[in-house]
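Working through the structure, step by step
The chain contents come next:
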Amino acid sequence: MKTFFLLVVSAHTSFFPFQPVQATLSSLKMLDVGKWPIFSLCSEEELQLIRQACVFGSAGNEVLYTTVNDEIFVLGTNCSGCLGVGDVQSTIEPRRVDFLTGKKIASLSYGSGPHIVLATTEGEVFTWGHNAYSQLGNGTTNHGLVPCHISTNLSNKQVIEVACGSYHSLVLTSDGEVFAWGYNNSGQVGSGSTANQPIPRRVTGCLQNKAVVNIACGQMCSMAVVDTGEVYVWGYNGNGQLGLGSSGNQPTPCRVAALQGIRVQRVACGYAHTLVLTDEGQVYAWGANSYGQLGTGNKSNQSYPTPVVVEKDRIIEIAACHSAHTSAAKTQGGHVYMWGQCRGQSVILPHLTHFSCTDDVFACFATPAVTWRLLSVEPDDHLTVAESLKREFDNPDTADLKFLVDGKYIYAHKVLLKIRCEHFRSSLEDNEDDIVEMSEFSYPVYRAFLEYLYTDSISLSPEEAVGLLDLATFYRENRLKKLCQQTIKQGICEENAIALLSAAVKYDAQDLEEFCFRFCINHLTVVTQTSGFAEMDHDLLKNFISKASRVGAFKN
């Protein structure tokens, strides 16, 4: 017979009519690799074993994939030995890359030769394939028929992300440093010269004391996003793809000054155009536009960042690939848009598709049909430990503890709560009380808190997330605080911006406070006309006006 510990929580109810926002710090995307024609060469049994995949090559005729056994297989035309199996023979049957057996892939990119750059989960770098311009980084110009471990200047570094241009390579380390090598005719290696770079060289200059968080490459240009949200660019600029307002090449990193005051999270490069995604879910584009790949409604090149109007919903993902003139984006609501060169047509404005992910845009409409990133595939029939725990939340059949909140039961498991939360570790220890009453939190908030302990994610409206932020602060759950702040950022709008700013101040969430303040300044005219602004706390209003004045918000 089960013994239940009852916790009674009576609380205020949520009164904001906003839809929940799903927030998680990590997620695994479900994908159907069958959309890429090259996979028709694989049997159904082989397809079921695939966990990661990358389709590449000038015609999308090469593929690399990993299996459940951490084996890496390749098939296709094998140009320049890009399959890494020791020869240049094409194959329509999967061949195993023995040199990499047991290695787990963290990041992978490819060039036009093609050449491959791969980073393992241990931070090692391997390269192979086309090498006429030293893009493999092994000090030679001989094509690499098997994977080569690249350690020069990287031996004490952990590489977490890789990116390839047509014939040059970039890697990003865990400490925010960028290294580059390969073709450098336009300064894309960032060394200050136009001499090819045969081995990894750290990109310094303006990046010397910056912490880089994201990298990308166009055909012959390079991009880096730093932790402050600034974007630095270098290399070829003939189409304005560097966003500097000019068409001159840039041999060393230069900040995109036109994005001043805008905090960028991600950058993606097409063949000769660039997309960036901001922390407010907006997209800017610049560079070549002969196929409408900037999404601006015309085919004129842009040398300055230009807003891309997709829809009112926030954008959460952008996609582009240096081998194509295609662009794609996904909204918070799950809508996927595409524009640019789409199966020979020039789509000059974002077009709503029926796809559920941006990867499908490149499988079905890009020329060639390649993958713009490393695909991750998870089978439906396999449950990890984490997935099993998620299923047990609020399950009365297995629970040994239940909470009574606003007259409703929430079922849980003592041992999991004690493992996951310091508060429960102490409160449930030797506690024989039948009922503990609390009045601080609503049912949706407290249920979300318990569910978070099972799932590592939350699903709340931004206003309810404020209540959860209060709880996370009270229980000293710092990771949960970050998730709440992320949810609030994703759900901010003109109507609720002041309320969210007030909450950020109240709970001493400084990063969130700065975000909400910048949002209010960027949308000042509309925000000051809302009821939230009219009912703003006097001290908060005074501080807001003072700070806004200091940043020049009231200048003509």
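Residues numbered from 1 in each chain as written. Predicted model: local features only at pLDDT ≥ 70, side-chain atom pairs only at ≥ 80, totals over all residues. Heavy atoms only, no water.

1. Things to note about the overall build of the protein chain
- A count of helices and strands for the protein chain gives 13 helices and 31 strands.
- Over its C-alpha atoms the protein chain spans a radius of gyration of 26 Å, differing by no more than 12% from the 24 Å that the globule rule assigns to 556 residues.
- Along the first, second and third principal axes, the C-alpha set of the protein chain runs to 75 × 70 × 45 Å.
- Taking all 556 residues of the protein chain together, 53% fall into the buried category.
- Across the protein chain, the fraction of contacts at a sequence separation of at least 24, relative to all contacts at a separation of at least 6, is 54%.
- Approximately 24,200 Å² of the protein chain is accessible, and the part contributed by carbon and sulfur atoms is 48%.
- Charge-centre separation for the protein chain: the mean point of 41 positive side chains lies 6 Å from the mean point of 56 negative side chains. (Helix = DSSP H or I, 4+ residues; strand = E, 2+ residues; numbered from the N terminus. Rg over C-alpha atoms; globule rule 2.2 N^0.38 Å. Buried < 20%, exposed > 50% of the residue type's maximum accessible area, 1.4 Å probe, protein only. Contact = heavy atoms within 4.5 Å. Areas by Shrake-Rupley, 256 points an atom, 1.4 Å probe, with all protein chains shown as cover. Lys, Arg positive; Asp, Glu negative; His and termini not counted. Charge placed at Lys NZ, Arg CZ, Asp CG, Glu CD.)

2. Section: a nonpolar patch on the surface
- On the surface, a cluster of nonpolar side chains totalling about 220 Å² of accessible area is made up of Val88, Leu145 and Val146.
- Considering the arrangement of structural elements, one finds Val146 in strand β10 (residues 144-149).
- For Val146, a relative accessible area of 42% translates into the label partly exposed. (Patch = residues over 30% accessible without salt bridge, like charges linked within 9 Å, V, L, I, M, F, W, Y side chains within 5 Å. Salt bridge = Lys/Arg side-chain N within 4 Å of Asp/Glu carboxyl O.)

3. What about the packing of helix α8 (residues 478-491) against helix α10 (residues 510-522)?
- Here α8 crosses α10 at 5°, and the two axes come no closer than 10 Å. It follows from the interaxial angle that α8 and α10 lie roughly parallel. Here Gln485, Ile488 and Lys489 of α8 come into contact with α10, specifically with Asp511, Leu512 and Phe515.
- Its residues assigned to classes, the contact of α8 with α10 shows 3 nonpolar, 1 polar and 2 charged. (Axes fitted to C-alpha atoms, helices over the stretch in contact; angles between N-to-C directions. Parallel < 35°, antiparallel > 145°, perpendicular 65-115°, else oblique. Nonpolar A, V, L, I, M, F, W, Y, C, P; charged D, E, K, R; others polar.)

4. Some words on the sheet that holds strand β6 (residues 91-96)
- With antiparallel pairing, 5 strands are arranged side by side in an open sheet as β6-β5-β4-β3-β27. Looking along the sheet, the strands with just one partner apiece sit at the ends: β6 and β27 (375-376). (Pairing = 2+ DSSP bridges.)

5. Quick word on the sheet that holds strand β21 (residues 283-287)
- Here we have 4 strands laid out as an open sheet, ordered β19-β20-β21-β22, and antiparallel in their pairing. Looking at which strands have only one partner, the edges of the open sheet turn out to be β19 (264-269) and β22 (302-308). Pairwise comparison of adjacent strand axes, ignoring direction, gives a mean angle of 20° for this sheet.
- Two elements, β19 and strand β20 (residues 273-278), share 5 bridges in a ladder whose sense is antiparallel. Note on β20: the bridge partner recorded for Val264 is Thr278.

6. Overview of the pattern of salt bridges
- The final tally for this structure, using the stated rule, is 21 salt bridges.
- Glu429 is the salt-bridge partner of Lys418, the closest N and O atoms lying 3.4 Å from each other. With Lys418 in helix α4 (residues 414-420) and Glu429 in the loop between α5 (422-427) and β30 (435-438), this pair connects stretches of sequence that are 11 residues apart.
- With relative accessibility at 27%, the residue Lys418 sits in the partly exposed group.
- Judged by relative accessible area, which is 42%, Glu429 ranks as partly exposed.

7. Some points on the side chain of Thr274
- By secondary structure assignment, the location of Thr274 is in strand β20.
- Among the polar contacts made by the side chain of Thr274, one reaches the main-chain carbonyl oxygen of Gln241 at a distance of 2.8 Å.
- Apart from the residues within four sequence positions on either side, Thr274 is in contact with Met223, Gln241, Val267, Ala268, Cys269, Tyr284, Ala285 and Trp286. (Polar contact = N/O pair within 3.5 Å; in protein donor to acceptor, adjacent residues only side chain to side chain.)

8. Some details on helix α9 (residues 497-506)
- Those residues of α9 that fall on the buried side of the exposure criterion are Ala497, Ile498, Leu500, Leu501, Ala503 and Ala504.
- Where α9 is buried, its residues meet α7 (462-475), α8, α10, α11 (524-527), α12 (531-534) and α13 (538-550).

9. Describing unusual backbone geometry
- Residues Gly113 and Pro114 are joined by a peptide bond in cis, for which omega reads 0°.
- Of the consecutive residues Thr367 and Pro368, the connecting peptide bond is found in the cis state with omega at 0°.
- Mapping Pro368 onto the fold places it in the loop between α2 (358-364) and β27.
- Residue Asp70 is not a glycine yet carries a positive backbone phi of 60°.
- On the secondary structure map, Asp70 appears in the loop between β4 (62-67) and β5 (72-76).
- The backbone phi angle of Ser134 is positive, close to 65°, even though this residue is not glycine.
- Counting through the fold element by element, Ser134 comes out in the loop between β9 (125-129) and β10.
- Looking at Ser134, the relative accessible area reads 7%, which means it is buried.

10. Overview of the UniProt feature "repeat: RCC" (unreviewed entry) in the protein chain
- The UniProt feature table records "repeat: RCC" (unreviewed entry) at residues 70-121, 123-175, 176-228, 229-280 and 281-332.
- A helix fraction of 0% and a strand fraction of 43% characterise residues 123-175, whose end C-alpha atoms lie 12 Å from each other.
- Between the end C-alpha atoms of residues 176-228 the distance is 12 Å, and the span holds 0% helix and 43% strand. (UniProt positions renumbered as here; feature names shortened; annotations may be inferred.)

11. Overview of the environment of Glu311
- On the secondary structure map, Glu311 appears in the loop between β22 and β23 (315-319).
- In sequence terms Glu311 and Thr331 are 20 residues apart; their C-alpha atoms lie 8.4 Å from each other.
- Setting aside residues no more than four positions away along its own chain, Glu311 makes contact with Thr331, His335 and Tyr337.

12. What to know about the nonpolar core
- Ranked by internal contacts, the top residues of the largest apolar core, which has 58 residues, are Phe403, Leu417, Phe424, Tyr446, Phe449, Leu450 and Leu468.
- Sort the elements by how many residues they give to this core and helix α6 (residues 443-455) lands first, with 9 residues. (Core = buried A, V, L, I, M, F, W, Y, C linked by side-chain atoms within 4.5 Å.)

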